[in-house]
Amino acid sequence: MTLRTVPTKPFDDQKPGTSGLRKKVSVFQQPHYLENFVQAIFNALENCKGKTLVLGGDGRFYNRQAIQTILKMAAAAGFGRVLVGHNGILSTPAASCVIRKHSAFGGIILSASHNPAGTDGDFGIKYNTTNGGPAAEKITDAIYARTRYLQRYYILEADDVPLDTLGQTRLGEMRIEIIDSVYDYAEMMESLFNFAAIRQLCSGNTFNMRFDAMHAVTGPYAHEILEKRLGAPVGTVMNGTPLEDFGGGHPDPNLTYAHDLVETMFSAQAPDFGAASDGDGDRNMILGKRFFVTPSDSLAVIAANARLAPGYHRGLAGVARSMPTSMAVDRVAQALNIDCYETPTGWKFFGNLMDAGRVTLCGEESFGTGSSHIREKDGLWAVLFWLNILAVRQQSVEEILLEHWGKYGRNFYTRHDYENVDSSIAKDIMAQLHTHMATLAGKPFGTRRVAYSDDFSYTDPIDGSVSTGQGMRIGFEDGARIVFRLSGTGTEGATLRIYVEAYEADIAKHTQDTQHALADLIGIANQLSGIREKTGRTEPTVIT
Ligand code: G16
């Protein structure tokens, strides 16, 4: 085995987005592209000698090839030990769990999350730190800075490592452990939730559920936890075999892309409970019988019922949500008399708050919910939390939501996505909105008046770091809000997101259709951005 130094040249498009570097597979397949980014990570970490790294991904196309390259580069960088998921598989939450449980120095997670996979699909890579969470901006900035002037990378010339046999092997001086992808994670879930009560619910005759793994990474986790450990009937898990191209689907658990599940849950014979997770297992969608729970409401309901789960029976230290997430959880926090933090979009912004013990529960409108049990959002965890609540309360999902809104009021909420918009048009729309921000305060729009408008900026309360340009927000005096943001996870053109929210205290109005309830605000958002005229689109690509 020889250590090779390979000369290379920087690529100018390796700036990590909301969650790591995501590009088309063909971009990653360019000679040196992956290697450059991995070397930039190792260079930014400075001293990897003898340290432990966790490595795995969501099983999409290019996962196995990338793992072989990264193992040889990790050996060249001097890592002492690498824990690799069996067959290269680790869901994002499982990777976070393994990093923490085994006190690893960090981890590399290979995933482009919910983006489609396959030879024409997307691939992604991100670095998580020793707390198990996505690297903070100062680290991703340091990695990016290294990519800008990288001249060489180091790699061990060696045979590929078999990933399909559990156990230990070596690559040069470095020890490799192929670990069970599910075990640590499943054990942790069992320690947090009332498995006995959930088992009774799932294995009885009165309750019926479906979990859609969308041919992505959560299949093996869901089979083990829901069907084996909790006794749900075989067949509860749909699309449970992970495929390199996710079966040609788009594993984004929302009403548009999780169509198999949505069809089942809105049919005449709908089961009582339905859920889905995404490509890498960190997102979740929760459905009742012919009933959709928005991620923002799901976060609020979990917060309000947290004490029902054994892992949370002492209550919550505090909660956090991303800025565009609805303010439903704020109302619960107020009632519980705990702090509620508003952060920019991106799970990495929750890390410091959780490490400092300020918050237990976090969530985002983008179908992400999680807690301080790990430092990533966690799809199956959210599903188990809901099952725990249902098992204890013995009510339907709809009944729980109606009661919740009755107590706290309802935050109607929707997000309109315009995907694959020409990047220069999207930038232009955002630039014009930016100029509007300074002039809107005090202006009336129909029955509403603008209370504030700005480009959201966040000062981390723990380390004082400042993140600017995190989305344009317009707040009305009655608590309604409109937010405009460009997605930081897409790989084609730009995705413009419009988030709309309004609070309704009147219980008689809680069962209105969301799009109808928010129609006037959607009209204001369209008018202010001019999105339809400027893009020629007549409707959003996805509405959630
Ligand atoms: C990632 C981040 C989330 C973020 C989401 C959407 O999720 O981890 O924090 O909310 O992207 O980001 P954007 O609106 O910029 O596209 P995932 O599941 O894709 O890793």
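It should be emphasised that the depicted structure is a prediction, and the values quoted were computed from it without experimental measurement. (Residues numbered from 1 in each chain as written. Predicted model: local features only at pLDDT ≥ 70, side-chain atom pairs only at ≥ 80, totals over all residues. Heavy atoms only, no water.)

Chemist: Outline the overall build of the chain, supporting the account with residue identities and numerical values.
Modeler: Looking only at helices and strands, the chain has 18 helices and 27 strands in total. Against the 2.2 N^0.38 benchmark of 24 Å for 544 residues, the chain shows a C-alpha radius of gyration of 23 Å, consistent with a compact globule. Counting only residues that meet the buried cut, the chain has 60% of its 544 residues in that class. Here the contacts in the chain between residues at least 6 apart in sequence split such that 72% fall between residues at least 24 apart. Summed over its atoms, the accessible surface of the chain is roughly 20500 Å², and 48% of this surface lies on carbon and sulfur atoms. (Helix = DSSP H or I, 4+ residues; strand = E, 2+ residues; numbered from the N terminus. Rg over C-alpha atoms; globule rule 2.2 N^0.38 Å. Buried < 20%, exposed > 50% of the residue type's maximum accessible area, 1.4 Å probe, protein only. Contact = heavy atoms within 4.5 Å. Areas by Shrake-Rupley, 256 points an atom, 1.4 Å probe, with all protein chains shown as cover.)

Chemist: Account for the site of the ligand, naming residues and giving values.
Modeler: Around the ligand, 19 residues are found, and the nearest of them are Glu364, Ser487, Gly488, Thr489 and Arg497. In the environment of the ligand, an oxygen atom lies 2.8 Å from a nitrogen or oxygen atom belonging to the side chain of serine 113. Taken together, the residues of the shell around the ligand sort by class into one nonpolar, 10 polar and eight charged. (Near = heavy atom within 4 Å. Polar contact = N/O pair within 3.5 Å; in protein donor to acceptor, adjacent residues only side chain to side chain. Nonpolar A, V, L, I, M, F, W, Y, C, P; charged D, E, K, R; others polar.)

Chemist: Before we move on, could you go through the side chain of asparagine 128 and cite the residues and values that matter?
Modeler: Along the polypeptide, asparagine 128 turns up in strand E6 (residues 122-128). Within the local environment of asparagine 128, its side chain forms a polar contact with the backbone oxygen of glycine 132, the two atoms lying 3.1 Å apart. In this structure the side chain of asparagine 128 is engaged in a polar contact, spanning 2.7 Å, whose partner is the side chain of glutamate 376.

Chemist: Give me the lowdown on the environment of methionine 430, citing residues and values where you can.
Modeler: Its place among the elements puts methionine 430 in helix H15 (residues 423-437). Dropping the residues within four chain positions of it, methionine 430 is found in contact with Met472, Phe484, Arg485, Leu486 and Leu496.

Chemist: Now, about the packing of aromatic side chains: what can you tell me, with residues and values included?
Modeler: Applying the stated criterion across every chain, the model contains 17 aromatic pairs. Arranged with centres 5.6 Å apart and planes meeting at 90°, the rings of tyrosine 185 and tyrosine 221 form a pair that is edge-to-face. Highlighted residues: tyrosine 185 in helix H6 (residues 183-192) and tyrosine 221 in helix H8 (residues 218-229), separated in sequence by 36 residues. Three or more aromatic residues joined by ring pairs make a cluster, and in this case those are Phe11, Phe28, Tyr33, Tyr62 and Phe123. (Phe/Tyr/Trp six-rings, centres within 6.5 Å; stacked < 30°, edge-to-face > 60°.)

Chemist: Explain the pattern of salt bridges to me, and be specific about the residues and the numbers.
Modeler: Taken as a whole and judged by the stated rule, the model has 29 salt bridges. Put simply, glutamate 376 and lysine 126 hold a salt bridge, and the shortest N to O gap is 2.7 Å. Pair noted here: glutamate 376 is in the loop between strand E18 (368-371) and helix H13 (379-393) and lysine 126 is in strand E6, with a separation of 250 residues, a long-range link. Of the two residues, glutamate 376 and lysine 126, both sit in the buried class. If you follow the salt bridges from partner to partner, you end up with Arg321, Asp330, Glu342, Asp454, Arg473, Arg481 and Glu501 in one network. (Salt bridge = Lys/Arg side-chain N within 4 Å of Asp/Glu carboxyl O.)

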